[in-house]
There are 2 protein chains.
Amino acid sequence: MKRLLERIDREILATGGKRSRSRAVVIDRFFRARDHVTIEELTRSVRESAPGIGAVTVYRTLKLLERLGYAKELDFGEGARRYESNLSPHHDHLVCRQCGTVIEFEDREIEQLQDLVTRRHGFHPTAHRLEIYGFCRKCASGTSPERSR
Amino acid sequence: MKRLLERIDREILATGGKRSRSRAVVIDRFFRARDHVTIEELTRSVRESAPGIGAVTVYRTLKLLERLGYAKELDFGEGARRYESNLSPHHDHLVCRQCGTVIEFEDREIEQLQDLVTRRHGFHPTAHRLEIYGFCRKCASGTSPERSR
DNA sequence: CTGATTATGAAATTCATTTTCATCATATCC
DNA sequence: GGATATGATGAAAATGAATTTCATAATCAG
């Protein structure tokens, strides 16, 4: 973890940036956070250890991490973006419409078929997003719904 | 086409709504439009035949069509939503990052694998979205980029 | 037709995100 | 170590899509 932060700092320096205390806090909190955080959630978390930090800095830092390839923007259609770290390997998402739970999955076969389709259209793919929306086991089984977003 | 509009009008009446001239224009233009229109594009089109119609009405009408199952919201991460009609069968999208071209495709195999994954997680799916981003044949081949959005 | 209710458009509002700008912090050069 | 240039920060303002409000107009039911 410390290693990672140092590496990112070095990359920032190498691209003409400067280090900063606030940003270090944001990055640290981001990598420790549960997956798929919103800016708002992350800002709250950041302020636990550094109350003065503004949401703008969180926005900017996540844009930065995205540019460097450490974060990925997600949009589950909730009105606000979410971010996840790019440290874990590629995966897609199952999103429960009732309780908001997000399950990650990875399927080599689907990926391969996607490549095929893409090539068939002369397309050169750079990224894709696959989200399946529905109801998770708990919510589908008529059990009382959990937390709702 | 006329049939379709009449059918929609009947459904609106049946659910406690009223017919309206403005809405008829919006709906007509929507079904005639190229796929994947933004509200702004559609509003422009609508105003060709009825200059007085406000964007708000276009927003409202598309929400209505979505509720009735005739339209589908899309989000290619451009900042503004797009809508497509639900008349053609289900399909997914290849989106060119350079020129904005959207190619539609349909792949039974991918759909089946998605079902499998979903079931494996005890999930009850209601919808999914698969978008592959990249560069279309023209843009990938280094040819001069086309219109860019 | 009359009354009741929905639809409309303009303007105001909301809300996430971005930009601006004066100030602060960090790196660099001496 | 200090001066200086430049990047980073936070507060407030700006932006922009989408939604809500509200007074007025259109449409439906009896």
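As the structure is a computational prediction, the values presented were derived from the model and not from experiment. (Residues numbered from 1 in each chain as written. Chains lettered and ligands numbered in written order. Predicted model: local features only at pLDDT ≥ 70, side-chain atom pairs only at ≥ 80, totals over all residues. Heavy atoms only, no water.)

Draft legend 1. View of the protein's contact with DNA strand D. Taken together, the neighbourhood of DNA strand D is formed by 22 residues, with Lys18, Ser20, Thr57 and Arg60 of chain A together with Arg19 of chain B sitting nearest. When the atoms of DNA strand D within 4 Å of the protein are sorted by group, sugar and phosphate make up 70%. With respect to DNA strand D, the side chain of Arg23 of chain A contributes an N or O atom lying 3.2 Å from a phosphate oxygen. Tyr59 of chain B has a polar side-chain atom sitting 2.8 Å from a phosphate oxygen of DNA strand D. Broken down by secondary-structure element, the contributors of at least two residues to the surface near DNA strand D are helix 2 (21-32) and helix 4 (55-68) of chain A together with helix 4 (55-68) of chain B. Take the surface near DNA strand D: its biggest share by element is four residues, from helix 4 of chain B. Looking at the surface near DNA strand D residue by residue, the class counts come to six nonpolar, eight polar and eight charged. (Near = heavy atom within 4 Å. Polar contact = N/O pair within 3.5 Å; in protein donor to acceptor, adjacent residues only side chain to side chain. Helix = DSSP H or I, 4+ residues; strand = E, 2+ residues; numbered from the N terminus. Nonpolar A, V, L, I, M, F, W, Y, C, P; charged D, E, K, R; others polar.)

Draft legend 2. Summary view of the packing of aromatic side chains. All names here are of chain B. A full pass over the atoms with the stated rule returns two aromatic pairs over all chains. Ring geometry for Phe30 against Phe31: centres 5.4 Å apart, planes inclined by 50 degrees, an arrangement best described as tilted. For the residue pair Phe30 and Phe31, the accessibility class agrees, reading buried in each case. (Phe/Tyr/Trp six-rings, centres within 6.5 Å; stacked < 30°, edge-to-face > 60°. Buried < 20%, exposed > 50% of the residue type's maximum accessible area, 1.4 Å probe, protein only.)

Draft legend 3. Representation of the sheet that holds strand 5 (residues 102-105) of chain B within the structure. With mixed pairing, the six strands of this open sheet are ordered in space as 5(A)-4(A)-6(A)-6(B)-4(B)-5(B). Two strands bound the open sheet, and with one partner strand each, they are strand 5 (102-105) of chain A together with strand 5 of chain B. If you compare each strand with its neighbour and ignore which way they point, the axes differ by 20 degrees on average. Helix 5 (residues 108-120) of chain A rests against strand 4 (92-96) and strand 6 (124-135) of chain A together with strand 4 (92-96), strand 5 and strand 6 (124-135) of chain B of the sheet, and its axis sits at about 130 degrees to strand 6 of chain A. (Pairing = 2+ DSSP bridges. Axes fitted to C-alpha atoms, helices over the stretch in contact; angles between N-to-C directions. Contact = heavy atoms within 4.5 Å.)

Draft legend 4. A look at the domain arrangement of chain A. Residue and element names in this part refer to chain A. Split by domain assignment, chain A resolves into domain 1 (2-85) and domain 2 (92-140). Domain 1 and domain 2 are separated by 25 Å when their C-alpha centres are compared. Taken together, the contact pairs six residues of domain 1 with seven residues of domain 2. Both faces combined, the contact of domain 1 with domain 2 buries some 520 Å², and carbon together with sulfur accounts for 53% of it. Its largest share of buried area at the contact with domain 2, domain 1 owes to His36, Asp75 and Phe76, together 78% of the area lost on that side. If you look at where domain 1 meets domain 2, you find zero salt bridges. For the interface between domain 1 and domain 2, the tally reads four residue pairs in polar contact (both at pLDDT 80 or more). Its residues assigned to classes, the side of domain 1 that touches domain 2 shows two nonpolar, one polar and three charged. (Domains from an automatic or database assignment. Buried area = accessible area lost by both parts, 1.4 Å probe. Salt bridge = Lys/Arg side-chain N within 4 Å of Asp/Glu carboxyl O.)

Draft legend 5. Spatial organisation of helix 3 (residues 39-49) of chain B. Residue and element names in this part refer to chain B. Residues Ile39, Leu42, Thr43, Ser45 and Val46 constitute the buried set of helix 3. The buried residues of helix 3 occupy an angular sector of 165 degrees when projected down its axis, which confines them to one face. Against the buried residues of helix 3 lie helix 2 (21-32), strand 1 (37-38), helix 4 and strand 3 (82-85). (Arc of directions from axis to C-beta.)

Draft legend 6. Focus on the pattern of salt bridges. Summed over the entire model, instances satisfying the criterion amount to 26 salt bridges over all chains. For Arg32 of chain A, the salt bridge goes to Asp28 of chain A, with nearest N and O atoms at 2.8 Å. Here Asp28 of chain A and Arg32 of chain A lie together in helix 2, a separation of four residues that amounts to about one turn. For Arg32 of chain A, a relative accessible area of 58% translates into the label exposed. Overall, Asp28 of chain A belongs to the buried group, its relative accessible area being 18%. Note that Glu131 of chain B is salt-bridged to Arg129 of chain B, the shortest N-O span being 2.9 Å.

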